[in-house]
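Notes for the structure review
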Amino acid sequence: MTYYLKDAYFYQHGQFVKGDYFFSDGILFSSFKGAVSITLENVYIFPGFADVHVHLREPGFSYKETIASGSAAGARGGYVHLCAMPNLNPVPDCLSHLREQQVLIERDALVQVHPYGALTVGEKGEKIAALEELAPHVIAFSDDGKGVQRSDLMKEAMQRIAALDKVLCAHCEDESLLHGGYVHEGEYAACHGHLGIPSESEWGPIKRDLVLARETGCAYHVCHVSAKESVQLIREAKRQGISVTCETAPHYLTLCDADLKEEGRFKMNPPLRAAADKQALIEGIQDGTVDMIATDHAPHAEEEKTKGLKGSLMGISGLETAFAVCYTELVKAGVITLEKLIELLYENPKKRFGIGQDPVVGEKATFTVFDLSKEYTIDPSMFLSKGKATPFAGKRVYGECLLTVMEGKVVYEKCSL
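Figured I'd write up the structure that's included with this text. (Residues numbered from 1 in each chain as written. Predicted model: local features only at pLDDT ≥ 70, side-chain atom pairs only at ≥ 80, totals over all residues. Heavy atoms only, no water.)

To continue, consider the overall build of the chain. A count of helical and extended segments in the chain gives twelve helices and 19 strands. On C-alpha atoms alone, the chain measures out to a radius of gyration of 21 Å, which is about the 22 Å that the 2.2 N^0.38 rule sets for 417 residues. Overall, the chain is about 65 × 50 × 45 Å in size when its C-alpha atoms are taken along their principal axes. A separation of at least 24 residues holds for 73% of the contacts in the chain among residues at least 6 apart in sequence. In the form shown here, the chain has an accessible surface area of approximately 15800 Å², with 48% of it arising from carbon and sulfur atoms. (Helix = DSSP H or I, 4+ residues; strand = E, 2+ residues; numbered from the N terminus. Rg over C-alpha atoms; globule rule 2.2 N^0.38 Å. Contact = heavy atoms within 4.5 Å. Areas by Shrake-Rupley, 256 points an atom, 1.4 Å probe, with all protein chains shown as cover.)

Here it is as structure tokens:
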């Protein structure tokens, strides 16, 4: 199969170069004399995206997602690097537990899946995991899904991770402030009788951890930032020279608690916060405080997401909607440039975590191809992920993935090509 990418916009070194490109036998060419199978015009050739925060649910919870289904969803979304969080069974807190996950990755992954190692044994926040034996085999360390409540434990983890030259990725959540809350402690919660989660439950642990990161020199990354106070704390820490990066997710940049509906597909952790928080996050990506957009792809079975805001589990599927939502709401709306979006989806994850490959003409290529002019409606029933819950169901968006290639192998192709 030979693809002719005619008048394509090829992302190279932070800018787009227009030209004709060909993809054949795993290699990207700038000229080609053979027969052409498929012609695609005016498309964009991006590096394959990197998502530093996904939940692929295996081993332990394959009824929600599998390595196979999750990596297929990633490929459909233009992702070729997925960093898989450790809230699994068994938790990858030692090498023997990690090996169970590695076997599944080696067997079933369509794209590069990079496992996280757990920070604490069983993610229970009581004893540090076997960090030293895990370090050569994991992308970073996290107890995502649970915040580390003890500052002495966090400091010890940071000291050991700094010595290993790895990144500590923190799920920041002070459980003493939750009080059973499940949506943001704001106007919607008050008006609809819901228990709220205060923003301090997020920014309080960040404030604590930034002091520890400065003391230990640990490379510190904040997961799924959602609150305006968190953005300001991280902005100031960067000014002080602390080694800190952070991510937010498409839903926090494009929705707030005023958009909530009484449906489980709007329930995630942290919750959708106020309009002022959304604006602070937008300003954070504009000025470089927020480094990355990650999906926090967290699929659940249908019965776990159809019990309303109160009864449903927290988490939504995001791999297959992330680019289109961000392109539509941020780039087409003039909030950021397309180059900035690629920086958030590819360049900055590559810098911090060392993952990602620039597509090179004349070599086995890794890239994804999008038609940015294509408008369509997000339809969860068409997801390759097992998880169908998304607050973006029914939304009209632009930007459709046509082709994703990893190291010369086609891992996703739109069926109608």
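Back to the text.
Take the sheet that holds strand 8 (residues 112-115) next. Sheet architecture is open: three strands sit in the order 6-7-8, paired in parallel fashion. Edge strands, defined here as strands with exactly one partner in the open sheet, are strand 6 (49-54) and strand 8. Averaged over all pairs of adjacent strands, the angle between strand axes in this sheet comes to 20°, irrespective of strand direction. Bridge count between strand 7 (residues 79-84) and strand 8: four bridges; the pairing is parallel. (Pairing = 2+ DSSP bridges. Axes fitted to C-alpha atoms, helices over the stretch in contact; angles between N-to-C directions.)

Let us now look at the pairing of strand 14 (residues 219-222). Of the two faces of strand 14, the one lined by Ala-219 and His-221 and the one lined by Tyr-220 and Val-222 are each fully buried. Bridge count between strand 11 (residues 167-170) and strand 14: four bridges; the pairing is parallel. Within the sheet, the bridge partner assigned to Cys-169 lies in strand 14 and is His-221. (Buried < 20%, exposed > 50% of the residue type's maximum accessible area, 1.4 Å probe, protein only.)

What follows is about the packing of aromatic side chains. A ring pair, where both rings are aromatic, is described by two values, the distance of the centres and the angle of the planes. If you walk through the whole model with that rule in mind, you get 19 aromatic pairs. On the basis of an interplanar angle of 65° and a centroid distance of 5.3 Å, the ring pair of Tyr-11 and Phe-16 is categorised as edge-to-face. For the pair Tyr-11 and Phe-16, a shared accessibility class is recorded, and that class is buried. Their ring planes at 75° and their centres at 5.9 Å tell us that Phe-16 and Phe-46 sit as a pair that is edge-to-face. Taken together, the residues Phe-16 in strand 2 (residues 15-24) and Phe-46 in strand 5 (residues 44-46) connect sequence positions 30 residues apart. Here Phe-16 falls in the buried class, since its relative accessible area comes to 19%. (Phe/Tyr/Trp six-rings, centres within 6.5 Å; stacked < 30°, edge-to-face > 60°.)

All right, on to the pattern of salt bridges then. Taken as a whole and judged by the stated rule, the model has 19 salt bridges. Close ionic contact of Glu-229 with Lys-228 constitutes a salt bridge, the shortest N to O distance being 3.6 Å. Accessibility expressed as a relative area gives 37% for Lys-228, which makes it partly exposed. Between Asp-358 and Lys-350 there is a salt bridge; the shortest N-O distance is 3.1 Å. What makes Lys-350 partly exposed here is its relative accessible area of 26%. (Salt bridge = Lys/Arg side-chain N within 4 Å of Asp/Glu carboxyl O.)

Positionally, Thr-289 belongs in the loop between helix 9 (275-287) and strand 16 (292-293). Take Thr-289: its relative accessible area is 4%, and that puts it in the buried class. Within polar-contact distance, the side chain of Thr-289 engages the side chain of Asp-287 at 2.7 Å. Excluding its chain neighbours within four sequence positions, the residues that come into contact with Thr-289 are Val-231, Ile-234, Arg-235, Lys-238, Cys-246 and Gly-284. (Polar contact = N/O pair within 3.5 Å; in protein donor to acceptor, adjacent residues only side chain to side chain.)

To continue, consider the pairing of strand 15 (residues 244-248). In terms of burial, strand 15 is a largely internal element, five of the five residues being buried. By the alternation rule, side chains of strand 15 split into Val-244, Cys-246 and Thr-248 and Thr-245 and Glu-247, which are all buried. With helix 7 (residues 228-239) bridging strand 14 and its parallel neighbour strand 15, the resulting β-α-β unit is right-handed. Sheet topology note: the strand 15/strand 16 ladder contains two bridges and is parallel. (Right-handed = clockwise from strand over helix to strand, strands pointing away.)

Two elements in contact, helix 11 (residues 322-331) and helix 12 (residues 338-353), have axes whose closest approach is 10 Å; the angle formed by their N-to-C orientations is 140°. Where helix 11 crosses over helix 12, the handedness of that crossing is right-handed. Each of Phe-323, Cys-326, Tyr-327 and Val-331 in helix 11 lies in contact with helix 12, whose residues at this interface are Leu-338, Leu-341, Ile-342 and Leu-345. (Left-handed = near helix turned anticlockwise from the far one by under 90°.)

Okay, the side chain of Glu-304 next. Assignment of secondary structure puts Glu-304 in the loop between strand 16 and helix 10 (308-311). Given the relative accessible area of 13%, Glu-304 is considered buried. Here the side chain of Glu-304 touches Tyr-63 through a polar contact of 2.6 Å, side chain to side chain. Beyond its immediate stretch of four places on either side in the chain, Glu-304 contacts Tyr-63, Lys-64, Ser-312 and Leu-313.

Across soluble globular proteins, nonpolar side chains show a tendency to be buried alongside one another. One finds Phe-46, Leu-168, Tyr-220, Val-222, Phe-323, Leu-338 and Leu-341 to be the most contacted residues of the largest nonpolar core, which totals 96 residues. Per element, the largest residue contribution to this core is eight residues, and it comes from helix 11. Residues within four places of Phe-323 in sequence aside, it is in contact with Phe-46, Phe-49, Gly-77, Leu-338, Leu-341, Ile-342, Leu-345, Phe-370, Leu-372 and Gly-399. Counting residues in each nonpolar core, the second largest holds 17 residues, with Ala-8, Tyr-21, Ala-365 and Leu-403 among its members. (Core = buried A, V, L, I, M, F, W, Y, C linked by side-chain atoms within 4.5 Å.)

Bringing unusual backbone geometry into the picture now. The step from Asn-89 to Pro-90 runs through a cis peptide bond, and the omega angle for that step is 5°. By secondary structure assignment, the location of Pro-90 is in the loop between strand 7 and helix 2 (95-108). Positioned with a positive phi, His-13 is a non-glycine residue whose angle comes to about 55°. With respect to the secondary-structure elements, His-13 resides in the loop between strand 1 (2-12) and strand 2. Backbone geometry at Glu-407 places phi at a positive 50°, although glycine is not the residue there. Tracing the backbone through its elements, the reader meets Glu-407 in the loop between strand 18 (396-406) and strand 19 (409-413).

Across the interface, helix 7 lies against helix 9 with an axial gap of 8 Å and an inter-helix angle of 25°. Considering their axes alone, helix 7 and helix 9 lie roughly parallel with respect to each other. In this structure, helix 7 contributes Lys-228, Glu-229, Val-231 and Arg-235 to the contact, and helix 9 contributes Ala-276, Asp-277, Ala-280, Leu-281, Glu-283, Gly-284 and Asp-287. Split by residue class, the contact of helix 7 with helix 9 holds four nonpolar, one polar and six charged. (Parallel < 35°, antiparallel > 145°, perpendicular 65-115°, else oblique. Nonpolar A, V, L, I, M, F, W, Y, C, P; charged D, E, K, R; others polar.)

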